[in-house]
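Each chain, written out:
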Amino acid sequence: MEMNHEFHVTYFEADCGRIRTEIFDTSAEAERFISRRLACEDDWAIVDAVAVRQEQVAA
């Protein structure tokens with residue numbers, strides 16, 4: 001079994017007062033998302049690398 005990672009971005013947008021989560025395949029995608037999304041000094045984001053099990057199918 002192979003382990004891959006996906007990147008969960010949990011972020012807070014102060015203008016609407018909501019906490020949300022988005023999932024990305026790479027850390028670079030997660031970082032780009034954060035740089036576009038966070039506009040206010042009260043906004044914040046956390047990136048978690050989550051191990052995901054990939055089942056390999058025999059051909």
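This one's a predicted model, so the numbers in the text were calculated from it and none came from an experiment.

Definitions and cut-offs
- Residues numbered from 1 in each chain as written.
- Predicted model: local features only at pLDDT ≥ 70, side-chain atom pairs only at ≥ 80, totals over all residues.
- Heavy atoms only, no water.
- Helix = DSSP H or I, 4+ residues; strand = E, 2+ residues; numbered from the N terminus.
- Buried < 20%, exposed > 50% of the residue type's maximum accessible area, 1.4 Å probe, protein only.
- Contact = heavy atoms within 4.5 Å.
- Areas by Shrake-Rupley, 256 points an atom, 1.4 Å probe, with all protein chains shown as cover.
- Polar contact = N/O pair within 3.5 Å; in protein donor to acceptor, adjacent residues only side chain to side chain.

Draft legend 1. Up close: the overall build of the protein. Looking only at helices and strands, one finds one helix and three strands in the protein. Mapped from its N terminus to its C terminus, the protein presents α and β elements in the order β-β-α-β. Split into buried and exposed, the 59 residues of the protein put 19% on the buried side. Nonlocal contacts in the protein, meaning residues at least 24 apart in sequence, comprise 55% of its contacts between residues at least 6 apart. By element, 47% of the accessible surface of the protein is carried by carbon and sulfur atoms, the whole surface being about 4,600 Å².

Draft legend 2. Highlighting the side chain of D43. Along the chain, D43 turns up in the loop between α1 (27-37) and β3 (44-54). Within polar-contact distance, the side chain of D43 engages the backbone nitrogen of A14 at 2.7 Å. Apart from the residues lying within four places of it in its own chain, the contact partners of D43 are F12, E13, A14, D15, R37 and L38.

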